[in-house]
Each structure stands twice: as C-alpha cells, then as structure tokens.
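# Observations on the three-dimensional arrangement
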Amino acid sequence: MENQGKRLILAMGLSFVLMAVWQWLFPPPMPPLPTETQQETVVPSQAVAKPTTGAALHDEPTKVRPKEETVAFAFDDIHVEMSTYGATLVSWELQEKKSATEHRNFVAKTAKETQRPLLLSVREANDDDAPLLSQESTWTIIDKQARAITFENKSDQLKITKQITFIPESFLAKVNVNVALSPQVTGKKAVTLGMSLFEKIDPTIADDASLFAPPPLAWRAICSLDGELQESEETTQTHVGAVKWAGFNHNYFLSAIIPERLPRLECDAKPVMEYSRPAENGMTEMRLSYPTIILKPGDPSYERAFYVFLGPKYIETLESIATVIDQTGKTNPQLEESVELGWFAFIARPLLWLLIQFELVVGNWGVAIIMLTIVVMLLTLPWQNKAMRSMRAMSKLRPKIEEIQKKYTDDKQRQQTEIMGLYKNHGINPLAGCLPMFLQMPIWFALYRALSVAAELHHSPFIPGWLDDMTATDPYYVLPVLLTMVMFLQAKMMPTTVESAQQKIMIYGMPLMFGAFSFVFPSGLTLYIFTNTLLRGIHQWWRNNHEDA
C-alpha cells in the first residue's frame, strides 16, 4: 500500500509537470487588444444582442463619442487651451519667465478630462447621484472670437450654453452659463448649478512653518466665507454662507472661483475618488454651488456668471480685480486676503508696498531691499543715537562699577542695587542699548513673512547666477558668512561696561547665533540684516571717532 501511495503521488506530480510544459509550448490565443476607437465606444446596456430563431441578430446602434476638439488662445501673459470634453481647460500656462520656473500650468498634466478646471455640474437638487449633465459630456463649439469661446450642450433634459471670456492681463476668465429645459420636457425641475476647480494636494505636507522652517510650497483648499478664510483641513469639508471666492491657495499662486455675490452659496472641498478611494495623486476638487432653482417649461434660461482667477498673487493685481469685475466697486472679492502676512501684517504690508515702489524705480528686488534697509535705518536713527550715547555713558562708569563689584563680592544682590543706583544718578537707562534690536525684531519677522508669501519676490533675482531668488536661501552661503563677520566686528566696536559673561555673549554669541539662523533664512532677509548691521557698524565707527557728535 505504501508503494502504491508513492506511485500515486509521483504520477500526480508528473501530470502537473506535463500540463505546465504543454501550456508553455502551446499557449492559448490572447484576446485582441482594444483599439483607441474601441476604448471610446460606449455600448448601452440595452443594446446587448439577444438570440433569435430563423432571423439575423439585430443590435441597437452603438454610440461613438465624438473626437475631442481643442482650441488654443495665445496672449502675452497666458496661453490657454480649451476642450470640447466638458468645455473645460486643457491648459492655462503662465508666460512670465519667473513663474514658468516652478508653476507654469494650472492644469495638472496627469489630470483626467473629468478633473479639469471650469467643469460645470448640473444636478437634481440635493442629490449628487442624479446629475443632469454628465461629467464626460461632449460640447459643441458654436462661436469663437479673439478673446472668447462659446460651447453648447443639448440633451433630452436641458439645453446649456457656456461662454468663456478671457481677461489675460488680470489672469481672469469670465464664465457665463445659461440653462433651460429642453422643449420636450413637460414638468418642472429643481436644479443646482456648480463650478469646479481641481488641484493636487499632498496630504503628507504639514503647514508647520516657523522662524527656522518656512511654510512649505503647497496648495491648500480654501474658501473666503463671511469675511474669513476657511481652510479645509479635513479630507472633506463644506462651507455655506456669503462666499466671496473659493479655490486653492498656494504660497505664491491662487486658483479661485469668484461668484456673483449672494447671501448663501456653498463651497465643497473633497478628494477625487477613484475606485472608491481617494486618488493616489492627491487630486482634490473645490466646487462652488448656487442655491437650488426651479426650471419650468417655457421659462427663459437661467443665467449665472462666474469669474475664475488663475495666476500669481501680485498684490496690485489682486487688488485691481474688484474694478475689473465691477467698476462700481460694489462687488469686491478681496483676493488680496489670500496673501496671508500673519501677526505682523500691519508692518509687513507697508514694507511690501515700499519694496514694490523701490523695485519699480530700480528694477531689481535686491537693490530694493537695500533701499528699504536704508529707509528703516534713517527712521530709527534717533533711537540708535540714544542707545549709543547710553552705552558710551555706561562705559565711562566702568571704574566705579568695578569698585562696587570688589566691595560687594559676596553679595550679588547688593551689587545690582548699587550699580542700578549709579545708573540712576547719572540718568542712564541700561536697557537703552537693546532698543535698536527690539525695534528691528518686528521688522525682521514681517519681512520674513512677506518673503514667504509675496509672489512679487518669488524667483526675483538680485545678482543672477548667485542670488537668483530672494525667497530662497543663499545657495553658496556667502551672505551668512559675511553677516557673521560684520556682526562680530560691529559688536567689538560697541563700548563695554564690564568684562562679564553677558558681554562675551553679546560679542561672540549673537553673531554666531544670527549667522547660524541666516543659513536657513531667505536670502532677501539675510541681505536686509547684513545691510542693516553694516550700516550700524559704519555709524558706530563714526560715533566712536566723533564723540561730540
């Protein structure tokens, strides 16, 4: 029996080997791969052939989707391409050289046709599962002009026209939508109309900016609602209210839908779903929806207008959008809110305005920062002089301070009391020497924030080949090294009161600390601090040699 069992196992093994060899020698024929036309062919479920007796088989005719047509528009500031698939954007390319280096096209190359900007949604009220307009709809071009194109979509339910007018100098597109019931529809319909933008959002990027870690270059879904910016931190988020604009905010760019002003609109941020899970590329949809309307047979078409901004966040451009949209000034989307300057905005805004004015004159952002430093230095000069006079007066009291320290060697508290009394008798404020530093700190924070979010400075060079971007760190670390050296020399020139650990920290510690910080600072901020320190050093040298000044 044991031998029979072994023979049976051996026979089964040989059988599997023979089957494998047979499959390898004579593989079954592969089914033909579908052609491009077959992939675009849609066969309705009711068109499946049914067997008949004594007669030929008759299928319903297959529906072949029309071939996609694209139309290109070339302007000085942008190049645009529209598609008949969804009447959406195929591309929106910025032509400015510095923008082209990082974020040239507002339409992701990997975006599918249903993930393109300007996608229109028309659906039964309160029911996303009952679309009256397919996302894969094909539109017909009925008119094309130098700056405008009009599409039409007809179905057994609705007739829709969609006109896109470009305003390239403002990075704007105006979208007019008209919706009416088809003639054969006999009953009324409750309809919700929406417009969508799409952008890739990396969920792994955390917005944990600090003084030593600038905010990451990333997109965030955002909605300007009732005067406040509502950032979508969750995977899916809905906001309802007086929406000024909705879209995606980047450090230096903005993608936003600007609706007609109504007291109640809805903006929804949600991930694009693929196979019942979020798209792996992080594609996210921001849809802005109008309130439900009732369409009745014979009524005139329902009309809505959107503006869409896709461009860099130049302050002056964003502020001018209000007059482009509505010359009366009643409709102001306040897109400049997207430039988030943080706690020190009250300082950062005038600084940024000054920088822009200086750059318009000299044509170089690095030179503009140097000019800004000189202006700030002149404005703070009275406090600077006061601090230097105070420190010089304290240095003259050095012998008396040393006497107090020897007299009360074992009583540190008495030492401090006697020294403070000495300062008081001579009318000296020991904190006056720190005043210039305290005055500069808010300016440093404000300029740092401005460099992190102002598109004007992004990829703006000072010295080509070395400092090509004022918002990035010095690639060769020349400025950090120079700053450390100049701060050290400037500290050595300061009058000293006593030889102490605090004094050594000021002379050696501060230059080393700020030098280390400048390795991660934007080069624009390092340039500002370097210029400021250099000017203060020159001023200190002059005062040291002109005591009566």
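Right above here is the structure, for reference.
Residues numbered from 1 in each chain as written. Predicted model: local features only at pLDDT ≥ 70, side-chain atom pairs only at ≥ 80, totals over all residues. Heavy atoms only, no water.

## Here's the deal with the overall build of the chain
Counting secondary structure elements, the chain contains 13 helices and 22 strands. Of the contacts formed within the chain by residues at least 6 apart in sequence, a portion of 62% connects residues at least 24 apart. On the chain, roughly 30000 Å² of surface is accessible, and the fraction owed to carbon and sulfur atoms is 58%. (Helix = DSSP H or I, 4+ residues; strand = E, 2+ residues; numbered from the N terminus. Contact = heavy atoms within 4.5 Å. Areas by Shrake-Rupley, 256 points an atom, 1.4 Å probe, with all protein chains shown as cover.)

## Observations concerning the sheet that holds strand β5 (residues 89–94)
Taken together, the 3 strands give an open sheet; going across it, the order is β3-β4-β5, and neighbouring strands pair in antiparallel fashion. The sheet is open, and its two borders are formed by β3 (70–74) and β5, each paired with just one other strand. In this sheet, adjacent strand axes meet at a mean angle of 10° when their direction is disregarded. Pairing of strand β4 (residues 78–83) with β5 involves 5 bridges; the strand directions are antiparallel. When the bridges of β5 are listed, E81 appears paired with S91. (Pairing = 2+ DSSP bridges. Axes fitted to C-alpha atoms, helices over the stretch in contact; angles between N-to-C directions.)

## Looking at the nonpolar core
One finds M82 and W92 to be the most contacted residues of the largest nonpolar core, which totals 114 residues. Listed in part, the 9 residues of the second largest apolar core include L397, I404, L422 and I428. (Core = buried A, V, L, I, M, F, W, Y, C linked by side-chain atoms within 4.5 Å. Buried < 20%, exposed > 50% of the residue type's maximum accessible area, 1.4 Å probe, protein only.)

## As for the packing of aromatic side chains
Each aromatic ring pair is summarised here by two numbers: the centre-to-centre distance and the angle between the ring planes. Throughout the structure, instances matching the rule amount to 15 aromatic pairs. Taking the centre distance of 6.3 Å and the plane angle of 50° together, the rings of W92 and F166 count as tilted. On the criterion of sequence distance, the pair formed by W92 in strand β5 and F166 in strand β9 (residues 158–167) is long-range, its members being 74 residues apart. Summarising the aromatic geometry, the rings of F106 and F253 are spaced 6.3 Å apart at their centres and angled 80° between planes, so their arrangement reads as edge-to-face. One end of the pair, F106, is in the loop between α3 (97–100) and β6 (119–124); the other, F253, is in strand β16 (residues 253–259), with 147 residues separating them in the sequence. Per residue, the accessibility class of F106 equals that of F253, and both read buried. An aromatic cluster is built from W444, Y448, F514, F517 and F521, whose rings are joined through pairwise contacts. A cation over an aromatic ring shows up here: R65 above the ring of Y85, its NZ or CZ 3.6 Å from the ring centre. (Phe/Tyr/Trp six-rings, centres within 6.5 Å; stacked < 30°, edge-to-face > 60°. Lys NZ or Arg CZ within 6 Å of the ring centre and 35° of its normal.)

## Side note on the pattern of salt bridges
Pairing between side chains of opposite charge can happen when the charged atoms of each approach one another. Inspection of every chain in the model, using the stated rule, returns 13 salt bridges. Of the charged contacts, one joins R65 and E113 as a salt bridge, the two residues approaching to 2.8 Å between their closest N and O atoms. Residue R65 is located in the loop between β2 (63–64) and β3, and its partner E113 is located in the loop between α3 and β6; the two are separated by 48 residues in the primary sequence. Take E113: its relative accessible area is 21%, and that puts it in the partly exposed class. Ionic pairing is found between K154 and E152, a salt bridge with its closest N-O pair at 3.9 Å. Under the relative-accessibility criterion, K154 is labelled exposed at 61%. E152 sits in the buried class, given a relative accessible area of 16%. (Salt bridge = Lys/Arg side-chain N within 4 Å of Asp/Glu carboxyl O.)

## Quick look at the environment of F151
Tracing the chain through its elements places F151 in strand β8 (residues 148–154). In this structure, the C-alpha to C-alpha distance between F151 and K162, residues 11 residues apart in sequence, is 5.1 Å. In contact with F151, not counting residues within four places along its chain, are M82, S83, T84, A87, W139, T140, I141, I160, T161, K162 and I164.

## Some thoughts on the sheet that holds β9
Read across the open sheet, the 9 strands follow the order β7-β8-β9-β10-β22-β16-β15-β12-β13; overall the sheet is antiparallel. Only two strands of the sheet have a single neighbouring strand rather than two, namely β7 (140–144) and β13 (228–231). Strand-to-strand, the axes of this sheet are offset by a mean angle of 20°, without reference to chain direction. Where strand β15 (residues 243–249) lies against β16, 4 bridges are found, and the strand directions are antiparallel. When the sheet's bridge partners are listed, G247 is paired in β16 with A256. Strand contacts of helix α4 (residues 315–325): β9, β10 (172–181), β16 and β22 (302–312), with the helix running at about 160° to β22, the strand carrying the most contacts.

## Structural notes on the packing of helix α6 (residues 365–379) against helix α13 (residues 523–544)
Remark: α6 packs on α13, axes separated minimally by 9 Å, with the N-to-C direction vectors making an angle of 45°. As summarised for this structure, α6 and α13 are arranged oblique, according to the angle between their axes. The element α6 and its partner α13 pack so that their crossing is right-handed. Across the interface between the two elements, G366, I369, I370, T373, I374, V376 and M377 of α6 pack against G524, L527, Y528, T531, N532, L535, R536 and H539 of α13. For the contact of α6 with α13, the residue count by class is 8 nonpolar, 6 polar and 1 charged. (Parallel < 35°, antiparallel > 145°, perpendicular 65-115°, else oblique. Left-handed = near helix turned anticlockwise from the far one by under 90°. Nonpolar A, V, L, I, M, F, W, Y, C, P; charged D, E, K, R; others polar.)

## Remarks on the side chain of T373
Here T373 lies in helix α6. Here T373 is in contact with Y528, T531 and N532, once residues within four sequence places are set aside.

## What to know about the environment of L355
With respect to the secondary-structure elements, L355 resides in helix α5 (residues 345–362). For L355, a relative accessible area of 0% gives the class buried. In the structure, L355 is positioned 14 residues away from I369 in sequence and 6.5 Å away in space, judged by C-alpha atoms. With near-sequence residues (within four places) excluded, L355 lies in contact with W365, A368, I369, L372, L447 and L457.

## A closer look at a nonpolar patch on the surface
Among the surface-exposed residues, Y476, Y477, V478, V481, L482, M485, F519 and V520 lie close enough to one another that they form a single nonpolar patch of about 700 Å² accessible area. By the secondary structure assignment, F519 is in the loop between α12 (501–517) and α13. (Patch = residues over 30% accessible without salt bridge, like charges linked within 9 Å, V, L, I, M, F, W, Y side chains within 5 Å.)

## Regarding the pairing of β16
It is a general feature of regular strands that their side chains alternate between the two faces of the sheet. Across the 7 residues of β16, 7 count as buried, placing the element largely inside the fold. The two faces of β16 match: F253, S255, I257 and P259 on one face and L254, A256 and I258 on the other face are all buried. With antiparallel pairing between neighbouring strands as the criterion, β15 and β16 make up a hairpin whose turn holds 3 residues. Pairing geometry for β16 and β22, over 7 bridges, is antiparallel. By the bridge assignment for β22, L254 is matched with G311.

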